[in-house]
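Tertiary structure, described
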Amino acid sequence: MSAPAPASNRAAGRAAPGAPPAPVNAERLRAQERAENALLAGLTVPGMLLIAALVLAPIGWLFWLSFRNPAGFTFDHYLRLLHPSYTLTLQTTFELSFLVTAICILLGYPVAYIIAQARPRMAAVLMMLVLFPVWTSLLVRCYAWLVLLQRRGLLNTWLTDMGLIDTPLRLMHNFTGTTIGMVHIMLPFMVLPLYGSMRAISSDYMLAASSLGASPAAAFRQVFVPLSLPGLVAGTIIVFVLCLGFYVTPALLGGGRVMMWSMQIERNVNYYSDWGAASALGVVLLVMTLGIMWLVGRIIGFNRIVGAR
Amino acid sequence: MRKVMAGVAALIGMAVGAGAPVAYAQQKTLTISSWGGAFQKAQKEAWFGLVEKELGVTIKEDNTSGIADMRAQVASGKPTWDLSTQGAYSCALLEKEGKLEKFDAATLAVTKDVPSNLRSDYWVSQIVYSVAIGWREKAFGGKKPTGWAAFWDTKNFPGQRSLRRTPIYNLEMALIADGVPMDKLYPLDVDRAFKKLEQVKPHVLVWWNSGAQSAQVLKDGEVDMVSAWNGRIQAIQSEPEGKAGKIGVTFDEQILVSDCWLIPKGAPNKELALKAIQIMMRPEVNARISLFINYAPSNGKSYDTGVIPKEKLAGLPNSPENVKKGFIQSVDWWVNNNDEMVKRFDAFLQK
């Protein structure tokens, strides 16, 4: 009874008077489209599985561990974080991340602007200069700053010899040294997305603004800056989130007094073998990062962040 | 199909049957983990060779980076290590956690000559080192700091300091600087210690994380005075002079600490491991470590054996001459208080 029904429907549809005749191969085209979609979906399966296995599953496990102790369910790992030794670390982590991100914006925006305006060959050279540090080991760069900025480092020796200062500046082993080192490492991550979105801004827009009577400053402020915003937001988020999880630079340049959240995680794993506590720290950082992303998304619009329209 | 299965089963049976006697006939292996590097090489030359010869075993070496490795070994239920080197504090902590095999009477009979606070029924110190003061001689114009009060005295010894980034050692040093006699430290007066630490805090440029860092900041002249492990300071002294110039070291009011031997719970060759400890802890064998590296033996009788040349004695923190200048740290106190102290110390540093 049910089997022949569609066939007869189809026959009826075809024969319906007045309806435009369906293309002869519409049915086959649709089938091909379905097959193609299935194939494409199939091709993403390995990637999806990989993400599920390597990202989602561990995060789930992390979450679960953070509520467990040998006795069962517990909030202990989270309650512990209310102690000043942890709250102060969280404060430092965010302060440092905000400061480094802000400095990166101030330094990175003009650099990206100059590269975007430069002639192709000059732009290539400038881009190389931005990228070159990225290809150098992080550790080497940190030690280089140590050599430059420590009490008897190059800078202090030079300034003292010139007679510009009497006592060496304290540029290392503190918050200042950590900030300098981190800005250096993070700057390319700000310049690259900024440059990308600035390159996409046609110079015609600026000409149009000028021809309509805008001063160069007004054209820059009202046309160029808003158009470069996606790159700025992307760069800001990349830099800020990377800063939140930073470990090596603060450990080497902070003189032991700049304590980051990641160091607390490391300590809980390595010294105390306390995976529950370390997981709770990880969950807190993850939730806060997601919270910030959500907030930025609410203010600026999520599509802007990912660069889609 | 069934025939194939039967064949496979027979093959497995043969392999198992044939394999077992061969394994017994083979020389036994003893797996020992340690810190690697120059220290483990010295252990091998001083001790492992003798153990292999006397017990007729092969020693397989592995590395450990600390207590987390040991916990993982025991937690696995099937540890691969028979013996491990760990810091004395870790040893005491692992004992408290019930992760160690107890020593038998024969072993305890050998280890009894080790000072009582450097051993227990579950572990025994193998080497002793100390936390001492190292300084740039140029910085103080020939004046010699003679203890922790001098370390705190920024009037007579002006300049930058470096301390380890842990409460361990620092609380003891602060109390001694504040006038508490070395033999009346424990239990530590924590409030008094932290109050005293506040005084020196503005002068501490670097809170060091690793032994290498403590040496580097002194050698570069980044700081003028450090509290660091004696071996690290002595190593700079033996190197060509750096930016910092000549380096001094003193054992005055030194804190004696140690690394120990322990057997993880469930170790595959516990009996052999115990025998190995008995050999390595004999005074004349224990003393040999100082021939290969600047560390001191832990067995009190080692210095009576004459194994260590006279010219080496001045540089060893627990030689009969130097041992009187300092005190042995109480790992028991730290095992029960470290977690709380670390929290408080972290907050102290970040404020």
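Residues numbered from 1 in each chain as written. Chains lettered and ligands numbered in written order. Predicted model: local features only at pLDDT ≥ 70, side-chain atom pairs only at ≥ 80, totals over all residues.

**So, the overall build of chain A**
When you go through chain A residue by residue, the secondary structure sums to 14 helices and 2 strands. Taking all 309 residues of chain A together, 27% fall into the buried category. Relative to all contacts within chain A whose residues are 6 or more apart in sequence, the contacts with residues 24 or more apart total 72%. (Helix = DSSP H or I, 4+ residues; strand = E, 2+ residues; numbered from the N terminus. Buried ≥ 20, exposed ≤ 12 C-beta atoms within 10 Å, placed from the backbone. Contact = placed C-beta atoms within 7 Å.)

**Section: the domain arrangement of chain B**
Residues and elements named next belong to chain B. Looking at the assigned domains, one finds that chain B contains domain 1 (28-128 + 258-320) and domain 2 (129-257 + 327-350). For domain 1 and domain 2, the distance between their C-alpha centroids amounts to 27 Å. Taken together, the 17 residues of domain 1 in the interface contact 16 residues of domain 2. Looking at the side of domain 1 that touches domain 2, the elements with two or more residues in it are α4 (88-96) and β4 (123-136). Taken together, the residues that form the side of domain 1 that touches domain 2 break down as 11 nonpolar, 5 polar and 1 charged. (Domains from an automatic or database assignment. Nonpolar A, V, L, I, M, F, W, Y, C, P; charged D, E, K, R; others polar.)

**Here we look at the interface of chain B and chain A**
Between chain B and chain A, the residue contacts involve 19 residues of the former and 17 residues of the latter. Listed by contribution, the elements that provide at least two residues to the side of chain B that touches chain A are α3 (67-75), β6 (204-208) and α15 (331-350) of chain B. Here the residues of the side of chain B that touches chain A sort into 7 nonpolar, 4 polar and 8 charged.

**Remarks on the confidence of the model for chain A**
Residues and elements named next belong to chain A. The share of residues in chain A with pLDDT of 70 or more is 90%, and the mean pLDDT across the chain is 88. Mean pLDDT values for the elements of chain A range from 46 in helix α1 (residues 4-15) up to 96 in helix α4 (residues 84-117). Across residues 1-13 the pLDDT falls below 50, and counting only partners more than four positions away or on other chains, this stretch makes 0 contacts in the model. (pLDDT = per-residue confidence, 0-100.)

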